[in-house]
Amino acid sequence: MSLDRLAPALFVLLWSTGWVVAKYAALHSEPFTFLSIRYGLSAFAFLALCLVMRAQWPKSRATWLRAIYSGFFLHGFYLAGLWWAIANGVPAGISGIIAALQPLLTAMAAPFLVGERLQQTQKLGLGLGFVGIAIAISPKLFDPAAADLSHAALPLAINLIAMGSVTYGTLYQKKHLQSGDLRSIATLQYVGALILTLPLSLIFEHQHFDASAQAYGALIWSVFGLSMGGVGLLLYLIRRGQVSRAASLIYLMPPAVALEAFIAFGEPLTLPLILGTVVVVTGVYLTNRRIGQQAQASA
């Protein structure tokens, strides 16, 4: 099998573990502190990879700055905002719906920023994906803990900004960083993310990291499984296909996380979750179907 066929499934598998890792990490470290350590180590890991494999570095200062700038949004603002919002009162179900907005935001913005046009079946697929997510997490919406969100107005706003940030970062990556070595670009993007999260950690936190085996385990997987594996595949998907197609894979994350939580923590698989998963998979298929057929026809 070619990487083009394996990449989407591998991306979903790797990226979905981030939610499980975050659950462990939150018990052992403050969010901005953990992310700063993660981004610093990720930058060094990618730098080492670049040196060993003699990766090509951008030849112009503008490309260097664009890579660093994209890292602000693709990694820095996105995870910093998301982790902070959840830690400050946004229920997981509501955060899941906000996360599901990303493919719709991407699809709506792509025609204006990168000139992509979606067919009706792809638009239907994106809409079905959002409906599927709503069905899957509907039990959490009726949880008493989610009944009063007035105290979480600021965290909700930050969560929304985080989704807008990763959407903008994805489109910026597609428009301005379509050429060049992905390994060196990823290195610079993590430098950009670190430039954001490190000051946040120093200003708002006490740099708590308890150095337990669980904390180090979460950190190691965050760096090598998520930052190098998951993000590397995401950048590859953005470059190889439509940006809205890559974003549609985000729809598969909550169902994948639910299955992982069932295996790891014994959390129940509810009927709405199963039904929602079916709708989500249908939506992702429709979003990707036309592109796949077009690629085969042109081969």
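Presented here is an overview of the structure given in this document. (Residues numbered from 1 in each chain as written. Predicted model: local features only at pLDDT ≥ 70, side-chain atom pairs only at ≥ 80, totals over all residues. Heavy atoms only, no water.)

**Description of the overall build of the protein chain**
Each helix and strand in the protein chain was counted, giving 12 helices and zero strands. Reading the secondary structure of the protein chain in the N-to-C direction produces α-α-α-α-α-α-α-α-α-α-α-α. Residues counted as buried form 50% of the 299 residues belonging to the protein chain. Pairs at least 24 apart in sequence give 90% of the contacts found in the protein chain among residues at least 6 apart. Approximately 14,400 Å² of the protein chain is accessible, and the part contributed by carbon and sulfur atoms is 70%. (Helix = DSSP H or I, 4+ residues; strand = E, 2+ residues; numbered from the N terminus. Buried < 20%, exposed > 50% of the residue type's maximum accessible area, 1.4 Å probe, protein only. Contact = heavy atoms within 4.5 Å. Areas by Shrake-Rupley, 256 points an atom, 1.4 Å probe, with all protein chains shown as cover.)

**Let's talk about helix α5 (residues 120–136)**
For α5, with 17 residues, the first-to-last C-alpha span of 24 Å sits near the 24 Å given by 1.5 Å per residue. Looking only at α5, the buried set comprises Gln122, Gly125, Leu126, Gly129, Gly132, Ile133 and Ala136. The arc that holds the buried residues of α5, viewed along the axis, is 120 degrees, so those residues lie on one side. (Expected span 1.5 Å × (residues − 1). Arc of directions from axis to C-beta.)

**A look at the packing of aromatic side chains**
By convention here, two paired aromatic rings are described through the distance between centres and the angle between planes. The tally for this structure, following the rule as stated, stands at 12 aromatic pairs. Taking 5.0 Å as the distance between ring centres and 65 degrees as the angle between the ring planes, the aromatic pair formed by Tyr69 and Phe73 counts as edge-to-face. Of the two residues, Tyr69 and Phe73 both sit in helix α3 (residues 61–87), four residues apart, roughly one turn of that helix. By relative accessible area, Tyr69 is classed as partly exposed at 33%. A ring pair is formed by Phe73 and Tyr168, whose centres lie 4.9 Å apart and whose planes are at 80 degrees; its orientation type is edge-to-face. Here Phe73, found in helix α3, pairs with Tyr168, found in helix α7 (residues 153–176); they are 95 residues apart in sequence, far enough to count as distant. A relative accessible area of 17% places Phe73 in the buried class. The class of Tyr168 is partly exposed, set by a relative accessible area of 31%. Here the aromatic residues Tyr69, Phe73, Phe77, Tyr168 and Tyr172 are joined through ring pairs into a cluster of three or more. (Phe/Tyr/Trp six-rings, centres within 6.5 Å; stacked < 30°, edge-to-face > 60°.)

**Thoughts on the nonpolar core**
With 52 residues, the main nonpolar core has Phe11, Phe34, Tyr78, Leu79 and Trp83 as its most contacted residues. With 12 residues, helix α9 (residues 213–240) is the largest single contributor of residues to this core. If we ignore the near neighbours within four places in the chain, the residues touching Phe34 are Ala25, Ser29, Trp83, Phe209, Ala215, Ala218, Leu219 and Ser222. Formed by five residues, the second largest nonpolar core is a distinct cluster that contains Ala67, Ile68, Leu177 and Leu188. (Core = buried A, V, L, I, M, F, W, Y, C linked by side-chain atoms within 4.5 Å.)

**Considering the environment of Ser29**
Relative to the helices and strands, Ser29 resides in the loop between α1 (3–25) and α2 (31–52). Of the residues examined, Ser29 reaches a relative accessible area of 7% and is grouped as buried. C-alpha separation for the pair Ser29 and Phe209, spaced 180 residues apart in sequence, amounts to 4.4 Å. Residue contacts for Ser29: discarding those within four places in its chain leaves Phe34, His208 and Phe209. A polar side-chain atom of Ser29 sits 3.0 Å from the main-chain carbonyl oxygen of His208. (Polar contact = N/O pair within 3.5 Å; in protein donor to acceptor, adjacent residues only side chain to side chain.)

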